[in-house]
Structures are given as structure tokens and as C-alpha cells.
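Coordinate inspection notes
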Amino acid sequence: MIIIRCEDYDEMSCTAAEYYVELLQKKPNSVLGLATGSTPLGLYEKLVEAYEDGVIDFSQARSFNLDEYYPIEKNHPQSYHSYMYENFLGKVNFQESQIPNGEAADPENECIEFDKAINLAGGIDLLLLGIGTNGHIGFNEPSISYTLATHLTELAESTIEANSRFFADGELQPRAALTMGFGNIFASKSILMLISGASKRPIVQRLLDDKIHTDVPASLLSLHPDFTIIIDREALGD
Ligand code: F6R
């Protein structure tokens, strides 16, 4: 595990953006695993700027998103589909992008087809992750057993609570999601996790204590051979 410490959110986002610029220069047809949430917004902004300035080009690259609420309409303002097109995919030039389909009538089949598409693309070169305050990655919530492939899962109460800030009062909030599983995550050649803000401090302490905790899904990532964390001072608490 490599840990890159940054002064603040902006430095974290710039450092991560440099990572992508380098990767796409080396391998223009990279397959990128992408995340949503508030943490990668700064990175996406920097990547859009780099694209507009001609510094990065995604025309040969493909992307697969980690997860999507289920059920949710693609054009719902809080769907991860809307988030991705508003903040990133709609502003750059990926050859192909896939996001698990929150409208799928048969979610199990959707997951099987999604995994097939990842395999067909040659697997994920770089998977971007955030971390939930309960240690979840994607929507792999704390559990005593973890699912390998993309699957339909129920969200933890703490996740529903944490994400309620995005939904209007009284609006129906999805309680389930389609998410890549641990097999997809571990099969990714490299993993990049971004962590920012004081709310992540308690989980960061458990993540970085050199132990694997089965109730902190992200702590299992220390077993991955190419796992980098870019973290800001607020999250580290130093
Ligand atoms: C998002 C995702 C989640 C988030 C996590 C952190 O696609 O899979 O695991 O990465 O909930 O969210 P933020 O960045 O909003 O703190």
C-alpha cells in the first residue's frame, strides 16, 4: 500500500489527476473503473480541464462505474448515471462508458452482462475508489462474507443516512444498489483510493492501523499488490 499525503482537497485532486494523465499517456486505451460521491468531484473537474486544454485524451479509453442505486431511473437527478454525465462523462470523450443499469428489469442478469463487458474490455487497469464512513467500498458494506462479482445488495442504514443529504425531504431514497464485488475490485490491475475530510478520520484510523478488519471492507485492500491512497490532512487528522 502506498500512501500519498496531501495538504488539502485541491492538492489531492491535482495529484490524482496527474496519475490519470500519466496512465493515459502510457496506455491510451486504458480501462478505467470510476466512482461517484463527493470525493472525486475535484478530480473530475481537473480531468475535464486537462481534456479541454488538450493534455489528456480519452478517445481510446473505456470506463466502467463501480455502482448504481437500484432501482433508479437513469435520468433521476440523484442517479449515478446523471452524476457521471453531468460531472465527467458528458464533458470528455470516452470511446465507451458503462454504468450498472438501475432500471434493469432483471438485476441479476444486468450484473452478469456488466461483468462480461468488463472481461471483454480486458479488465480494469485503474479502479478509482472512495471510502464510506463505515469502510464500504463501492457498495460492499461491512459483512462477515463478501460477494465476488457485480451483485444487487442492500445498503447499510449508515450509508442511507450518509447519502440522504443528496435526496429531497420526503423523496423516496433507494435502499439497494448494483455494485462491483470484491472479485472485480481485486482483479483490477491498480487501485487508487481518494480520501478527504474530517468525517473520514475514524475510519482512516482503522484503515491505516496495519490490520485487516472484516468489518472494514476497505482494509482488505492492503492485500492488493498495487493499491495507492491519496489522502488529505483533514482525513489523516495530523
Ligand atoms: C461511489 C461509491 C461509494 C463512495 C463512498 C464515499 O461510487 O461507491 O463507495 O465512494 O460512499 O462517498 P463520498 O465520496 O461522498 O464520501
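Our subject is the structure that appears above.
Below or above, wherever it landed, is the structure these notes cover. (Residues numbered from 1 in each chain as written. Predicted model: local features only at pLDDT ≥ 70, side-chain atom pairs only at ≥ 80, totals over all residues. Heavy atoms only, no water.)

1. Concerning the packing of aromatic side chains
As enumerated under the stated definition, the model contains 13 aromatic pairs in all. Consider the rings of Tyr80 and Phe139, whose centres lie 6.1 Å apart with planes at 15 degrees: the pair is stacked. Here Tyr80 is found in helix H3 (residues 80–87), whereas its partner Phe139 is found in the loop between strand E6 (126–129) and strand E7 (151–154), with 59 residues between them in sequence. Like Phe139, Tyr80 is buried. Taking the centre distance of 4.8 Å and the plane angle of 45 degrees together, the rings of Tyr146 and Phe182 count as tilted. Within this pair, whereas Tyr146 is found in the loop between E6 and E7, its partner Phe182 is found in helix H6 (residues 182–187), the two being separated by 36 residues in sequence. Of the residues examined, Phe182 reaches a relative accessible area of 6% and is grouped as buried. (Phe/Tyr/Trp six-rings, centres within 6.5 Å; stacked < 30°, edge-to-face > 60°. Helix = DSSP H or I, 4+ residues; strand = E, 2+ residues; numbered from the N terminus. Buried < 20%, exposed > 50% of the residue type's maximum accessible area, 1.4 Å probe, protein only.)

2. Description of the site of the ligand
The ligand sits among 14 residues. The nearest are Thr39, Asp67, His136, Gly138 and Lys200. The contact in question runs from an oxygen atom of the ligand to an N or O atom on the side chain of Thr39, over 2.4 Å. When the ligand is considered free in solution it has 410 Å² of accessible area, and contact with the protein chains removes 93% of it. Residues that form the shell around the ligand fall into these classes: three nonpolar, eight polar and three charged. (Near = heavy atom within 4 Å. Polar contact = N/O pair within 3.5 Å; in protein donor to acceptor, adjacent residues only side chain to side chain. Areas by Shrake-Rupley, 256 points an atom, 1.4 Å probe, with all protein chains shown as cover. Nonpolar A, V, L, I, M, F, W, Y, C, P; charged D, E, K, R; others polar.)

3. Describing the side chain of Glu110
The residue Glu110 is located in helix H4 (residues 107–120) in this model. Summary of buried charges: Glu110 has no salt-bridge partner, and the nearest side chain of opposite charge, Lys74, is 7.8 Å away. Sequence-distant contacts of Glu110, that is, excluding residues within four places in its chain, are made with Ile99, Pro100, Asn101, Ala104 and Leu178. (Lys, Arg positive; Asp, Glu negative; His and termini not counted. Salt bridge = Lys/Arg side-chain N within 4 Å of Asp/Glu carboxyl O. Contact = heavy atoms within 4.5 Å.)

4. Concerning the sheet that holds strand E4 (residues 67–70)
The strand order across the open sheet built from three strands is E4-E8-E7, with neighbouring strands paired in antiparallel fashion. Edge positions in the sheet fall to E4 and E7, since each has one partner strand and no second. For this sheet the average axis-to-axis angle between neighbouring strands, irrespective of direction, equals 30 degrees. On the sheet, H4 packs against E4, E7 and strand E8 (176–179) and is oriented at approximately 125 degrees with respect to E7. (Pairing = 2+ DSSP bridges. Axes fitted to C-alpha atoms, helices over the stretch in contact; angles between N-to-C directions.)

5. Comments concerning the packing of helix H2 (residues 41–52) against H3
It is at 10 Å that the axes of H2 and H3 come closest, and there the two elements cross at 40 degrees. In terms of orientation, H2 and H3 fall into the oblique class. Counting all contacts with H2, which are made through Leu41, Tyr44 and Val48, the residues of H3 involved are Tyr83, Met84 and Asn87. Residues belonging to the contact of H2 with H3 are distributed by class as follows: five nonpolar, one polar and no charged. (Parallel < 35°, antiparallel > 145°, perpendicular 65-115°, else oblique.)

6. Quick word on the layout of surface pockets
Considering only enclosed or pocket space, the largest pocket measures out at about 730 Å³ in volume. The dominant element in the lining of the largest pocket, judged by the number of residues it contributes, is H3, at five residues. In terms of residue class, the lining of the largest pocket is made up of 13 nonpolar, 19 polar and four charged. Taken as a whole, the second largest pocket encloses approximately 160 Å³ of empty space. If you tally residues by element for the lining of the second largest pocket, the top one is helix H1 (residues 9–26), at six residues. Of the residues assigned to the lining of the second largest pocket, the class counts are three nonpolar, two polar and four charged. (1 Å grid on protein atoms, 1.4 Å probe; cavity = no way out; pocket = protein on both sides within 12 Å on 5 of 7 lines; lining within 4 Å. Points joined across faces, edges and corners; volume = space filled by probe spheres on them.)

Keep in mind these values describe shape, not function.
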